[in-house]
Amino acid sequence: MSKFKDAGHLFRFAGLFVLLFVVFLVVRHFVVPKSFGKYGHYRADAIGEVAAHPAKFAGHETCEACHSDVADKKGKGKHAHVNCEACHGALVKVLPAPPPPTPNLYERMVALVIKPMPVDPPVLRHAEDPASVVPELPDTTVLCARCHTASAAKPKGFPQVVPADHSNGLACKTCHDPHSPAMDAGGTK
Amino acid sequence: MLILMPAAAIAWKAVLAGTPEQSPNYTMSEHWWGMLIDIPKCIGCGNCVRACATENDVPDGYFRTWVERYHVSDEDMTNPEVISPDGGKEGFPVAAEDDKKYFFVPKMCNHCADSPCTQVCPVGATFISPDGVVLIDQKYCLGCAYCVQACPYGCRYINPQKETAEKCTLCYHRITQGLTTACCEACPTGARQLVDLKDPKDPIHEFLKTHSVEVLKPQMATGAKAFYNGLDGSVR
């Protein structure tokens, strides 16, 4: 008994540690986002947030669903492996985004201090609304030259011309059909 | 300090509530993404750079992918002249070419399996996802730029508006929906191909077996997953 005679201050100290540990657990419960540590030392919900970015390139499958005639012609020509949007540019397909996870206390606290990032409004373009939004046809004088202007850095087998000598400023599509450009493949106009 | 306790984070894993999958038909554990870059096919048109900027709202003057043109002289093969005007977005000048070796090299995040950039983040804002893509948590990033310095390939930047780090996400929003990346979609010659190393049917397995494929800076042991076919020894 005499051994623990003066141990009261130790128990008070231990009690304080237990109390502090409980406070730590409670604070941590509210401060650390729920998904933190699910896969590693990061917030797993961030993966879903990156995946929620809206797509702008619709993908050639979307184009081919309507433009099967062009797909057929292109499939037989030299440009078979050039996707539609490589020349026509992004024609926007907004993919269905998953619903954002409900913000927890920490995220609501952060939102009070740091203003939330602006969310892009959904854009409707040709792939979403083909009837009313018709994309402009590219200028073949500029477009074709991007790939086919002669350069020592390009692969030797790749068709290259010096545009000024080859066409003298004439638009490429005057002679070549961009969807099937070879002159001997029935692609001439 | 309360947030930054990895051991505690792991201990609490059991009580953490699950998050919904980002796409109903997509399972992260079934994929391990990378990119094949076929240098002999690159024509330096800049389509990938423009497509990436459009798809990912990349600010002007910053790049998540860019194209470099190498000029290697016979006399000094280890010191190539490298240009990348505006990231190659509008192509390359052709006027002053001599008869030496020229070629294009597209660059992008290598989505390293042992990435130096994710290791230096002090707040757990950048990480390798379970499907092998190096991503950034835009809500957690402080913009300290340690990761920008740590990347040996120069693939990260601080977004001047958001003041957070940004980089190639391998179009994570597209690949999880079954689409290819914007740069692959826009590449006219197939010089870039998205690869899934966990898909046994992916042609990458046959390609790696039959071609001389290298990664950039292999001596840094980053586990880079941007595979370069026909990579010249002068490329840095």
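A quick note: this is a predicted structure, and the numbers were derived from the prediction, not measured. Per-chain numbering applies: the sequence of each chain, read as written, is numbered from 1 onward. Written order determines the labels here, with chains lettered from A and ligands numbered from 1. Two thresholds apply to this predicted model, a pLDDT of at least 70 for residue-level local features and 80 or more for giving and counting side-chain atom pairs, whereas whole-chain, interface and lining totals are computed over all residues.

Undergrad: When you look at the overall build of chain A in this model, what are you seeing that I'm missing?
TA: For the purposes of this entry, the term helix denotes a DSSP run of H or I that reaches at least four residues, the term strand denotes a run of E that reaches at least two, and both are numbered from the N terminus. Secondary structure summary: chain A contains eight helices and zero strands in total. Starting at the N terminus and ending at the C terminus, chain A contains elements arranged as α-α-α-α-α-α-α-α. Partly exposed residues are those whose C-beta has more than 12 but fewer than 20 other C-beta atoms within 10 Å; 20 or more makes a residue buried and 12 or fewer makes it exposed, with C-beta atoms placed from the backbone. Counting only residues that meet the buried cut, chain A has 26% of its 189 residues in that class. Restricting the contact set of chain A to residue pairs at least 6 apart, pairs at least 24 apart contribute 68%. Any pair of residues counts as being in contact when their C-beta atoms, constructed from backbone geometry, are within 7 Å of one another.

Undergrad: I'm lost on the overall build of chain B in this one. Help?
TA: Across its full length, chain B holds seven helices and eleven strands. For chain B, with 236 residues in total, the buried portion stands at 43%.

Undergrad: Help me understand the interface of chain A and chain B, please; the structure alone is not making it clear to me.
TA: One widely used convention gives an interface's size as the accessible area the parts lose upon coming together. Of the residues lining the interface, 49 residues belong to chain A; the matching set on chain B comes to 53 residues. For the side of chain A that touches chain B, the secondary-structure elements that each account for two or more residues are α1 (8–31), α2 (45–51), α5 (84–88) and α7 (140–148) of chain A. Sorting elements by how many residues they give to the side of chain A that touches chain B places α2 of chain A first, with seven residues. Residues are grouped as follows: nonpolar covers Ala, Val, Leu, Ile, Met, Phe, Trp, Tyr, Cys and Pro; charged covers Asp, Glu, Lys and Arg; every other residue, Gly included, is treated as polar. Of the residues that constitute the side of chain A that touches chain B, the class distribution is 28 nonpolar, eleven polar and ten charged.

Undergrad: Honestly, the sheet that holds strand β3 (residues 81–83) of chain B in this entry has me stumped. Any pointers?
TA: Whenever strands of a sheet pair, they do so through backbone hydrogen bonds, lying parallel or antiparallel. Residue and element names in this part refer to chain B. One open sheet accounts for three strands, arranged β3-β2-β4; its pairing is antiparallel. Taken across any chain shown, the strands that pair with only one partner, and hence form the sheet edges, are β3 and β4 (101–108). Sheet twist, expressed as the mean angle between neighbouring strand axes with direction ignored, is 25°. Between any two strands, pairing holds if DSSP finds at least two bridges. Bridge count between strand β2 (residues 65–72) and β4: eight bridges; the pairing is antiparallel. For valine 67, the partnering residue across the bridge sits in β4 and is proline 106. Whenever a helix is involved, its axis is fitted only over the stretch in contact; in every case the axis is a line through C-alpha atoms, and angles between N-to-C directions fall within 0 to 180 degrees.

Undergrad: So what exactly am I meant to see when it comes to the sheet that holds strand β10 (residues 213–214) of chain B here?
TA: Residue and element names in this part refer to chain B. Pairing is mixed in the open sheet, where four strands are placed in the order β9-β1-β11-β10. Because the sheet does not close on itself, it has two edges, and the strands there are β9 (192–196) and β10. Pairing geometry for β10 and strand β11 (residues 226–229), over two bridges, is antiparallel. Paired with glutamate 214 across the strands is tyrosine 228, a residue of β11.

Undergrad: Is there a simple way to think about the domain arrangement of chain A in this case?
TA: All names here are of chain A. An automatic or database domain assignment supplies the residue ranges for each domain. By domain assignment, chain A separates into domain 1 (9–51), domain 2 (54–135) and domain 3 (137–189). Contact residues are listed per partner, giving nine residues for domain 2 and nine residues for domain 3. The set of elements that each furnish at least two residues to the side of domain 2 that touches domain 3 consists of α4 (68–76) and α5.

Undergrad: Where do I start with the nonpolar core in this structure?
TA: Note on soluble globular proteins: their nonpolar side chains tend to be buried together. All names here are of chain B. In this structure, Leu135, Tyr172, Cys183 and Ala226 are the most contacted members of the largest nonpolar core, which totals 78 residues. At five residues, the largest contribution of residues to this core is made by β4. If we skip the residues at most four places from it in the chain, cysteine 183 touches Cys48, Ala51, Cys52, Thr65 and Arg192. A set of buried residues drawn from Ala, Val, Leu, Ile, Met, Phe, Trp, Tyr and Cys, joined through C-beta atoms within 7 Å, is what defines a nonpolar core.

Undergrad: Whenever I open this one, the environment of cysteine 147 of chain B confuses me. Can you help?
TA: Residues and elements named next belong to chain B. In this fold, cysteine 147 is placed in helix α4 (residues 146–150). Here the alpha-carbon distance between cysteine 147 and leucine 170, two residues 23 residues apart in the chain, equals 17 Å. Among all residues touching cysteine 147, those that are not within four sequence positions of it are Cys117, Val120, Cys121, Thr126, Arg156 and Ala165.

Undergrad: Even after reading the chapter, I still don't get unusual backbone geometry, so can you show me in this structure?
TA: A negative phi angle is the norm for most residues apart from glycine, just as the trans form is the norm for most peptide bonds. All names here are of chain B. Of note in this structure, histidine 111 is not a glycine but carries a positive phi near 45°. Topologically, histidine 111 is positioned in the loop between β4 and α3 (116–120). Although it is not a glycine, leucine 170 adopts a positive phi angle of roughly 55°. Inspection of the secondary structure assignment puts leucine 170 in the loop between β8 (165–166) and α5 (172–175). For leucine 170, a count of 28 C-beta atoms within 10 Å translates into the label buried.

Undergrad: Is there a simple way to explain the environment of aspartate 196 of chain B in this structure?
TA: Residue and element names in this part refer to chain B. Relative to the elements of secondary structure, aspartate 196 occurs in strand β9. C-alpha of aspartate 196 to C-alpha of valine 67: the two residues are 129 residues apart in sequence and 23 Å apart in space. Not counting the four nearest positions on each side in its chain, aspartate 196 is found in contact with His31, Trp32, Trp33 and Asp202.

Undergrad: Help me understand the confidence of the model for chain B, please; the structure alone is not making it clear to me.
TA: Where the model shows low pLDDT, its predicted coordinates should not be examined in detail. All names here are of chain B. Of all residues in chain B, 90% attain a pLDDT of 70 or more, and the chain-wide mean is 89. Think of pLDDT as the predictor's per-residue confidence, scored from 0 to 100. Mean pLDDT across the elements of chain B ranges from a minimum in helix α1 (residues 6–11), with 41, to a maximum in strand β6 (residues 134–136), with 98. Note on residues 1–22: pLDDT is under 50 here. Beyond four places in sequence and across chains, it has 31 contacts. Taken over the whole predicted complex, pTM reads 0.84, whereas the ipTM for its chain interfaces reads 0.85.

Undergrad: It is not clear to me how the environment of alanine 221 of chain B should be interpreted in this structure. Could you clarify?
TA: Looking at the element boundaries, alanine 221 of chain B is found in the loop between β10 and β11. Sequence spacing of alanine 221 of chain B and cysteine 52 of chain B is 169 residues, and the spatial spacing of their C-alpha atoms is 27 Å.

Undergrad: How should α1 of chain A be read in this particular structure?
TA: Because an α-helix packs 3.6 residues into every turn, residues spaced three or four apart end up facing the same way. Relative to the 34 Å expected for 24 residues at 1.5 Å per residue, α1 of chain A spans 34 Å between its end C-alpha atoms, a close match to the ideal helical length. Among the 24 residues of α1 of chain A, zero are classified as buried, and the element is accordingly described as predominantly exposed. Multiply 1.5 Å by the residue count of a helix minus one, and that product is the helix's expected span.

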